[in-house]
Amino acid sequence: MSAEEWEKVLWKTQSYPDNHIPARYFLASLRKNPNFRPYTYWPLVLASCAITQHLATIYIFLAVFVRLKECSLDPRILVWITVACFIGGYLAWELLNCSRSDTARRNANGTKTLKSSILVFLALMALSPVLKTLTAATSSDSIWALSAFLFMLNALLADYSPAKLGGQVRERLTSVLSMNAAISSSVVLGSRLSDGLAVFALILFSVQAFALFPMLRQRLQATLTIFQALLTLLLSLLSICLTASLSATVSCIYAATLVAVTFVAPGILVWAQKYKNEIRGPWDVAVPKVN
Amino acid sequence: MDPLSIAMITDFFHPNVGGVENHIFMLSANLLRKGHKVIVITHSHDPDRVGIRWMLPSLKVYYLPYPTIASSATLPNYFTFLPYFRTIILREHITLIHAHASLSPLGQEGILHAHLMGVRTVFTDHSLFGFEDAASILTNKLLEAALKNVDAVICVSHIGRENTVLRGQLFEKTDEDPSTVAVSGNVFVIPNALVADQFKPSQIPDVSQPSSKPLCVTIVVISRLAYRKGIDLLVAAAPRICSAFPNVKFVIGGTGPKLNELLQMREKHLLQDRIELLGPVRHSDVRDVLVRGSIFLNTSLTESFGIAILEAACAGLYVVSTRVGGVPEILPEDMISFANPEEDDVFRAMSEAITIVSQGKHDPWNAHKRVKGFYDWFQVAERTEKVYESVIKSDQRDLWTRIRRTMELGPFAGLIYVVILIVNCVFFLILEWSIPREDLHFVWMHWNRDYFIELSQKEARKTSFI
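This section reports on the structure supplied with the text. Just so we're clear, the structure is a prediction, and the values are computed from it rather than from any experiment.

## Notes on the pairing of strand β3 (residues 51-55) of chain B
Residues and elements named next belong to chain B.
So, point 1. As judged from the five bridges shared by β3 and strand β4 (residues 59-64), these two strands associate in the antiparallel manner. Paired with R53 across the strands is V61, a residue of β4.
So, point 2. Linking β3 to β4, which pair antiparallel, is a turn of three residues; within it S58 sits at a positive phi near 55°.

## Observations concerning a nonpolar patch on the surface
All names here are of chain A.
So, point 1. Nonpolar side chains collect at one region of the surface, where W42, V259, F263, V264, I268, W271 and Y275 lie side by side and expose about 790 Å² of accessible area between them.
So, point 2. Here the nonpolar patch gets five residues from one element, more than from any other, and that element is helix α8 (residues 248-272).
So, point 3. Assignment of secondary structure puts F263 in helix α8.

## Topic: the sheet that holds strand β12 (residues 187-189) of chain B
Residue and element names in this part refer to chain B.
So, point 1. A sheet is described by the order of its strands in space; here eight strands give the open sequence β3-β4-β2-β1-β7-β8-β9-β12, paired in mixed fashion. In this open sheet, the two edge strands, each paired with only one partner strand, are β3 and β12. Each adjacent strand pair in this sheet contributes to an overall mean axis angle of 25°, direction not counted.
So, point 2. Pairing between strand β7 (residues 96-100) and strand β8 (residues 120-125): five bridges, direction parallel. Note that in β8 the partner of A99 across the bridge is F123.
So, point 3. Helix α2 (residues 82-91) rests against β1 (5-9), β2 (37-43), β3, β4 and β7 of the sheet, and its axis sits at about 160° to β4.

## As for the interface of chain A and chain B
So, point 1. Taken residue by residue, the interface counts 29 residues in chain A and 45 residues in chain B.
So, point 2. Interface of chain A and chain B: buried area, both sides summed, is about 3100 Å²; carbon and sulfur atoms make up 61% of it.
So, point 3. Broken down residue by residue, the surface that chain A buries against chain B is led by L10, W11 and W283 of chain A, which jointly contribute 27%.
So, point 4. One can count four salt bridges joining chain A with chain B.
So, point 5. Taking the shortest distance from any N to any O, the salt bridge between R383 of chain B and D18 of chain A comes out at 2.8 Å.
So, point 6. Linking chain A to chain B there are 13 residue pairs in polar contact (both at pLDDT 80 or more).
So, point 7. For the side of chain A that touches chain B, a count of residues per class yields 18 nonpolar, five polar and six charged.

Definitions and cut-offs
- Residues numbered from 1 in each chain as written.
- Chains lettered and ligands numbered in written order.
- Predicted model: local features only at pLDDT ≥ 70, side-chain atom pairs only at ≥ 80, totals over all residues.
- Heavy atoms only, no water.
- Pairing = 2+ DSSP bridges.
- Helix = DSSP H or I, 4+ residues; strand = E, 2+ residues; numbered from the N terminus.
- Patch = residues over 30% accessible without salt bridge, like charges linked within 9 Å, V, L, I, M, F, W, Y side chains within 5 Å.
- Areas by Shrake-Rupley, 256 points an atom, 1.4 Å probe, with all protein chains shown as cover.
- Salt bridge = Lys/Arg side-chain N within 4 Å of Asp/Glu carboxyl O.
- Axes fitted to C-alpha atoms, helices over the stretch in contact; angles between N-to-C directions.
- Contact = heavy atoms within 4.5 Å.
- Buried area = accessible area lost by both parts, 1.4 Å probe.
- Polar contact = N/O pair within 3.5 Å; in protein donor to acceptor, adjacent residues only side chain to side chain.
- Nonpolar A, V, L, I, M, F, W, Y, C, P; charged D, E, K, R; others polar.

What follows is the structure in structure tokens.
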């Protein structure tokens, strides 16, 4: 072996053989997990609360549907509950927004909201007889399968990220798709109900649960942790209670999924992090920095 | 060493043009000069390039009738190549195959089949790949499987070798201590080369006026206009350079998806008379474009070897390049200026280069002479020959060792590849029975260079009498 130092260059004819591997230079610029920030358990649990809330909403909706179908719930009561929830939710929304927008614009917004909510209310009322018979010709088996598929799509595509404070709410395509899936699902389920008022109540409730509530949820996510936890607990308990009187097995399954999503899945993610092995080196495609 | 019969196997070959294609052709030509027998096996090209063709100098090319799926690569199907492969290897009496490019399924399949006929394998990797996206993970696994049983691997740069070793997991258990692993000893670095005489600087050096300042500095860019070539940096930096140096012009050759952005930039900054877009440039015209300028700018975001930089340096241009991949290895520091892949830094490096060139500190002919001394295809062929020699001398792995090594791929991938390996052996036995070796048309006549020269001279004399 020659005394000449090996150099990492190609233009020079070196006295080392071509398969010489210099221990000092070889893979010296390899970096493993350079930008790796490990997740910790409790923040992950908190982040998964949004998913739990969404799943609980779906469960509550299904319980309400079954009760409507079995005529054990008066549709009028559901309408009143929905209206009460809407007013409560709207007040909460305004309360969260009050710090950042001026009074004049808020008043204008308020009138606009009132106008559009009355419009939606009346439109749904007018449409409910049509919606009731829309898929009446389709067999119930197909409807169950279709609505199950649509709810899965809804849960998969929903936007679980918290809203940015002060930023404009920008709808992503997937979250719009998610909302559409849920509304379609409730429309097809509505055709299984017996009278027009029940259909109206169900659709109104679904608009509430799948179009308006996710917006409020995203806004709440950006606020205090304790609200988040309380809301999650409330929705989960409500969904389980509503289902428990209908079927014990189903409520057990619901409880199991909610616990799995909230507590077990974050644990698995934290555990799986030890297998993370991100390799970076000079062969990576550089990211150009343009002013 | 004794002359070998070598088959180069790849999806990327003439009539396509590019770094890999040129590498294979030049390596084959120089191996032929050294007395070996070389053939190339590749896929067919539309409309009618299929079958056997001859290329100068006496290089036989088999174009197999396979349709391509994407970027001129065939479908990885593992078995369908075997009937052709067996026939070609047997009738040409091939003793060693040399597969090129990691994204060439034909090459990987060749490595898989070669052991059935007792043929040795060498693989050359030409490009760099990351590890993070799904496509890389998949192709890296395919490469790892192919390289488990290859006899030697050649990479074109030191960075390329580090990359290939990691991607192909080319580690072996050490003999002294079976618990530790080390990089296997059959991974070589042999760079590309270029034909220096094809890239001569333009004017004869003017000794009487060494400090004559060029009135206008022309910057040449020849590249595919794609994201990976860093055209975004060029689009951002070019107007700044133009406004800072009124005597600078750009000549940009090549085409690609980023062409529109260049055109828009030129229009927005009213630089139509200072930025010339040539469109696609043929490889034979590259030198004529290069010698129009005095600085070559390369803004690639990743580069395994950067043959374009070498060609420009050889044609006497001062080179400015981003510091990526294998580029820092190919030229000494005083012939090239580096910039980080940032707009500001490219501008800084270009300003320095323009100052150096306009002060006349860069001598094109000296640069040409130096590059000529660095790289030579004949040396590349000699170094490759040494790899072949070491492969031929080494022992061939038996089937059981192959199966055991393939199982190291993992419980899932390993099993799949063992099944492929065994089915392949059965398929080979069926072929041995259905197309017996006795019925093959063996090649006995080879291109005889001396006889060819003699004949052509005779022909020339005949015509001169008339």
